[in-house]
Each structure stands twice: as structure tokens, then as C-alpha cells.
Amino acid sequence: MARIIISLIAGSLFGLGLVFSEMVNPARVLGFLDIAGTWDPTLAFVLVGALSLAIPGYWIARRCARPFFDERSHVPEPGPIDRRLIIGAVLFGIGWGLAGFCPGPAITALGTGRGDIILFAVAMTVGMWVNVKLAKK
């Protein structure tokens, strides 16, 4: 039960951070990617803030025998850079650049009920489903 509560708190904090940093607003992200136009550095500040917490967090997690609220750590191990990874990264980047969303902010922004966000979330879900089906082959 503690694991579920901690997960709920962590997810809520993540969502609140996305809302307060305005990363649920695709115009912010697209403004950051528009380096030839009116560049918006907001995303860079969000990235620096996130890394300033994530780097020490991963460093501490790798040195702990086990997490406080789980039996084992769920930190992914590095894997090979293969064709699937490169194709996925390219598709992610294209989608992010076209829509101004990535999965976390899109799921958080679903609460607004905007049609473009719902369409993005549906397309993202279909893409994940296709990936699972292709991975089984």
C-alpha cells in the first residue's frame, strides 16, 4: 500500500511540475524548438531543474541496497543502441516537434479536454500498441 501511495504522490508532483512550468502548453515546447524565430528558453530551465534533482537521485539510488518502499530497484540498465531505438527516437522527436507534446505532458493535459490533446493521446496509444505487437514478432 505504501508503494501505491508513494507512486501517487510522485506522479502528482510530476504532473504539478509540468503544469507550473507550463510544459503542458505546446506553444512553450514549440517556442523552445524554434531557434531561428522567437526562441523561448523556458524548457532549458525546466531541463536544468530536472537534471539537478535526477542526477543526485540516480546516484543515491544506485548506491542503496534496495528502495525504501519496494523489494528491488527499477532503474533500467543500459542497452544497445540498435535500429529500433534510433527509429523510436526519430519518431519521438518528429512527434514532439510537430505537436509540442511528449507523453508526460500530454497525459497531464488530457484533463483540459482539448481535442488536439485527445488526438495526440490516441495516436500515442496506437503507437505503443503497434510497438508491442511488432516487438512480439
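Everything discussed here concerns the structure shown above.
What you see is a predicted model, and the numbers here were worked out from it, not measured in a lab.

**Let's talk about the overall build of the chain**
Consideration 1: Counting its regular elements, the chain contains six helices and zero strands.
Consideration 2: Reading the chain from its N end, one meets helices and strands in the order α-α-α-α-α-α.
Consideration 3: For the chain, the spread of C-alpha atoms along the three principal axes comes to 50 × 40 × 30 Å.
Consideration 4: Across the 137 residues that make up the chain, the buried fraction comes to 16%.
Consideration 5: Total accessible area computed for the chain in this model is approximately 10,400 Å², and 74% of it derives from carbon and sulfur atoms.
Consideration 6: Between the centroid of the 12 positive side chains of the chain and the centroid of its 8 negative side chains there is a distance of 10 Å.

**Quick look at helix α1 (residues 2–20)**
Three or four residues apart is the spacing at which side chains of an α-helix point the same way, because the helix has 3.6 residues per turn.
Consideration 1: Between the first and last C-alpha of α1 there are 27 Å, a value that for 19 residues agrees with the 27 Å anticipated at 1.5 Å per step.
Consideration 2: A positive phi of about 65° marks E22, the residue just after α1.

**A closer look at the packing of helix α2 (residues 26–33) against helix α4 (residues 83–99)**
Consideration 1: Packing of α2 against α4 leaves a shortest axis separation of 8 Å and a crossing angle of 110°. By the criterion of interaxial angle, the relationship of α2 to α4 is roughly perpendicular. Residues P26, V29, L30 and L33 of α2 touch α4, and the partners they reach there are W96, G97, L98 and A99.
Consideration 2: Classifying every residue of the contact of α2 with α4 gives seven nonpolar, one polar and no charged.

**As for the packing of aromatic side chains**
Consideration 1: The full count for this structure, using the stated rule, is three aromatic pairs.
Consideration 2: Taken together, a centroid distance of 5.8 Å and an interplanar angle of 40° make the contact between F32 and W39 tilted.
Consideration 3: Under the relative-accessibility criterion, F32 is labelled partly exposed at 21%.
Consideration 4: With a relative accessible area of 41%, W39 lands in the partly exposed category.

**Thoughts on unusual backbone geometry**
Consideration 1: With phi around 65°, E22 is a residue other than glycine that occupies positive phi space.
Consideration 2: Note that E22 resides in the loop between α1 and α2.
Consideration 3: Residue classification places E22 among the partly exposed positions, given a relative accessible area of 33%.

**Topic: the pattern of salt bridges**
Consideration 1: Scanning the model with the defined rule gives four salt bridges in all.
Consideration 2: The salt bridge partner of D70 is R3, with a shortest N-O separation of 3.6 Å. Placement of the pair is D70 in the loop between α3 (42–63) and α4 and R3 in helix α1, with a sequence separation of 67 residues.
Consideration 3: Overall, the relative accessible area of 14% leaves D70 in the buried class.
Consideration 4: Of the charged contacts in the structure, one is a salt bridge between R28 and D40, with a shortest N-O distance of 2.9 Å.

Reading the values: the criteria
Residues numbered from 1 in each chain as written. Predicted model: local features only at pLDDT ≥ 70, side-chain atom pairs only at ≥ 80, totals over all residues. Heavy atoms only, no water. Helix = DSSP H or I, 4+ residues; strand = E, 2+ residues; numbered from the N terminus. Buried < 20%, exposed > 50% of the residue type's maximum accessible area, 1.4 Å probe, protein only. Areas by Shrake-Rupley, 256 points an atom, 1.4 Å probe, with all protein chains shown as cover. Lys, Arg positive; Asp, Glu negative; His and termini not counted. Charge placed at Lys NZ, Arg CZ, Asp CG, Glu CD. Expected span 1.5 Å × (residues − 1). Axes fitted to C-alpha atoms, helices over the stretch in contact; angles between N-to-C directions. Parallel < 35°, antiparallel > 145°, perpendicular 65-115°, else oblique. Contact = heavy atoms within 4.5 Å. Nonpolar A, V, L, I, M, F, W, Y, C, P; charged D, E, K, R; others polar. Phe/Tyr/Trp six-rings, centres within 6.5 Å; stacked < 30°, edge-to-face > 60°. Salt bridge = Lys/Arg side-chain N within 4 Å of Asp/Glu carboxyl O.

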